[in-house]
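Coordinate inspection notes
One letter stands for each residue in the lines below.
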Amino acid sequence: MDYNEEKITVAIIGAGVSGLTLAAFLQKSDITCVVLETQNRSSVETLQRAGVIEARGVDMFERWGLADELLAGPVAQTIDYRVNGESRIFEIIEENGKSGRFCTQQMLVNNLLKTLIDKMDGDVRFDVNNVLIQNEENKPTTVTYSDANGTHEITCDYIIGCDGSRGMSRSSIPNGVLTKYSYEFGYSWLAAHVEAPVVGHPIMAVSDYGFVGQLPRGPQRSRYYLQCDLSDGPQDWSDERFWDEIRLRLNDSTIPNSTIIDKQFVPLRSVVHSPMQYRNLFLAGDVAHLVPPTSAKGMNLALFDVDILAQAILDAVKDNNLKTLNEYSNTCLPHIWTYQDFAISMTNLMHDAGNPTQHGKFRQMTARAQLDTLFNSPAAIRLHSEYQRGNV
């Protein structure tokens, strides 16, 4: 088979937020890299993703000199925690005047594509398939792939897997190298993207009928999240039932039906793969770890990974110093486990405080007492704010 061969310092698998952010940092640092993506550019640009940039992420983009190009204005530092329709607004305490920025993950990906490709002459290759990694001892580190122009082989110093929880980069690591740690919550979320804006503050609500949340997805759209059974599917949730359940759980009969753009069913789980590296392959973002969306930390954990990884690659390439690269997993994993603890705590809190059929009336009442503490204890307010800013 004829190959089109080339040599590049870093090959990145996946054009999501972690892959594109890493590529932008490396490109800005004059390190040659290529991003390989199985989807076309339009699909990447329009894929709906959750999350906004927390304060720590703002600091990161400022350090790398890209905040003004990539990020929008300040994000609202409030959350409307509701219990059976009763609203209480939690205001995140800012530190040194620093807040998050209202830049959704989809907005960030689009800004990264424009900046990386159109302004920085970055190399992002879409519509690739048959991606294979060679990362064996005493052999060159290579990535091969196919596209409309044939088969290509890239010889590289480092491969970065940023291809998500179902990506192929992690599966290229031999059996027995990684340990998978996982926790299943026992329920799912029905996530619906709707033509209805958030009116007021982002909502995280519990009721005797279950959890519901509403988070912004731009000026005219939002995403609703409804707790449901693991076995539920589209056949169980008509549009009419969906809106009836929204009104019931928010105790608000005035909410009108709106157009539902799409529905997804998301089993809630936490996952960590350790270590996050094997020889010249490094994992970042969802391919290495998953957190339940209750914590809103998935994107920001991925940004933490690539911040550490970009500096480590710079140390290795520019200064021939491999110490930070060899310590990549050991640097990232304590931070990841801390936020797994936060994610599990928040997820259990918001679901135990709702419908008591999951864990009983006793857990419901202790969870609601814990919610009260968020508003009554200065120490709890401060700690919750630190987690929301990403400063723990």
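Presented here is a report on the structure given in the accompanying data block. Small disclaimer: the values here were computed from a predicted structure and weren't measured. (Residues numbered from 1 in each chain as written. Predicted model: local features only at pLDDT ≥ 70, side-chain atom pairs only at ≥ 80, totals over all residues. Heavy atoms only, no water.)

**So, the packing of helix α1 (residues 17-28) against helix α7 (residues 298-319)**
Applicable threshold: Axes here mean lines fitted to C-alpha atoms, for a helix over just the part in contact, with angles spanning 0 to 180 degrees between N-to-C directions. Runs of E in the DSSP output that reach at least two residues are strands. Runs of H or I that reach at least four are helices, and both are numbered from the N terminus. Each angle is binned into one of four classes, with values under 35 degrees roughly parallel, values over 145 roughly antiparallel, values of 65 to 115 roughly perpendicular, and all other values oblique. Working rule for handedness: look at the near helix, and if it is turned counterclockwise from the far one by less than a right angle, call the crossing left-handed; if clockwise, right-handed. Contact definition: two residues touch when any of their heavy atoms are within 4.5 Å. Throughout this entry, Asp, Glu, Lys and Arg are counted as charged residues, while Ala, Val, Leu, Ile, Met, Phe, Trp, Tyr, Cys and Pro are counted as nonpolar. The remaining residues, Gly among them, count as polar.
In contact at an axis separation of 9 Å, α1 and α7 are set at 30° when each is read in the N-to-C sense. One element, α1, and the other, α7, form an angle in the roughly parallel class. In this structure, α1 crosses over α7, and the sense of that crossing is right-handed. Of the residues in α7, those in contact with V17, S18, T21, L22, F25 and L26 of α1 are M299, A302, L303, V306, D307, L309, A310, I313 and L314. When grouped by side-chain class, the residues that make up the contact of α1 with α7 number 12 nonpolar, two polar and one charged.

**Remarks on empty space enclosed by the protein**
Rolled over the atoms, a probe sized like a water molecule indicates the empty space that remains. Put simply, the rule reads: Think of a 1 Å grid over just the protein atoms. A cavity is a set of points where a 1.4 Å probe fits yet cannot get out, a pocket is an open set with protein on both sides within 12 Å along at least five of seven lines, and lining residues have an atom within 4 Å of a point. Grid points are joined across faces, edges and corners, and a volume is the space filled by probe spheres set on the points.
What the rule picks out here adds up to one cavity of 30 Å³ or more. Approximately 40 Å³ is the volume attributed to the largest cavity. Along the walls of the largest cavity sit E54, R56, G57, N300, L303, F304 and H335, which together make up its complete lining. Elements supplying a minimum of two residues to the lining of the largest cavity: α3 (55-63) and α7. By residue number, the principal contributor to the lining of the largest cavity is α7, which donates three residues. A per-class count over the lining of the largest cavity returns two nonpolar, three polar and two charged.

**Overview of the environment of Y158**
Applied cut-off: Accessible area is worked out with a 1.4 Å probe on protein chains only. A residue is then buried under 20% of its type maximum, exposed over 50%, and partly exposed in between.
In this structure, Y158 sits in strand β10 (residues 150-161). The buried category is assigned to Y158, whose relative accessible area is 11%. Sequence separation between Y158 and T9 is 149 residues; the distance between their C-alpha atoms is 6.5 Å. Every residue in contact with Y158, bar those within four places of it in the chain, is listed here: T9, V10, A11, N280, F282, A316, V317, L322 and L325.

**Observations concerning the packing of α7 against helix α9 (residues 328-352)**
Between α7 and α9, whose axes approach to 10 Å, the crossing angle comes to 160°. The pairing of α7 with α9 is recorded here as roughly antiparallel in orientation. The crossing of α7 and α9 is right-handed. Residues L301, F304, D305, I308 and L309 of α7 form the contact with α9, whose participating residues are Y328, T331, C332, H335, I336 and Y339.

**Structural notes on the pairing of strand β4 (residues 78-83)**
Selection rule: At least two bridges found by DSSP between two strands is the condition for calling them paired.
Along β4, six of the six residues are buried, which leaves the element largely enclosed by surrounding structure. Neither face of β4 is exposed, since T78, D80 and R82 on one face and I79, Y81 and V83 on the opposite face are all buried. Here six bridges tie β4 to strand β5 (residues 86-91), and the two strands are oriented antiparallel to one another. Counted as the bridge partner of D80 is I89 from β5. Hairpin connection of β4 to β5: two residues between the antiparallel strands, including N84 at a positive phi of 50°.

**Observations regarding the pattern of salt bridges**
Applicable threshold: One side-chain nitrogen of Lys or Arg within 4 Å of one carboxyl oxygen of Asp or Glu is enough to make a salt bridge.
One pass over the structure, following the stated rule, counts 21 salt bridges. Where D372 meets R88, a salt bridge forms, and the shortest distance between an N and an O atom there is 2.9 Å. You can see D372 sitting in helix α10 (residues 361-376) and its partner R88 sitting in strand β5, a full 284 residues away along the chain. Judged by its relative accessible area of 31%, D372 falls in the partly exposed class. On the basis of relative accessibility, which here comes to 24%, the residue R88 falls in the partly exposed class. Residues joined by salt bridges that share partners form a network here, namely E6, D123 and R125.

**What to know about the sheet that holds strand β15 (residues 260-274)**
What the eight strands build is an open sheet, ordered β5-β4-β12-β13-β14-β11-β15-β18; its pairing is mixed. Taken across any chain shown, the strands that pair with only one partner, and hence form the sheet edges, are β5 and β18 (289-290). Here strand β13 (residues 210-216) pairs with strand β14 (residues 222-228) via five bridges, running antiparallel. Bridging across to β14, V212 finds its partner in L226. Across the sheet, α9 touches β4, β11 (179-194), β12 (203-207), β13, β14, β15 and β18, and the angle it forms with β15 is around 130°. Packing of α10 onto the sheet brings it into contact with β4, β5 and β12, and relative to β5 it is tilted by some 45°.

**Regarding α3**
Every buried residue of α3 is listed here: A55, R56, G57, V58, M60 and F61. Taken from the residues just after α3, G65 is the one with a positive phi, measuring 75°.

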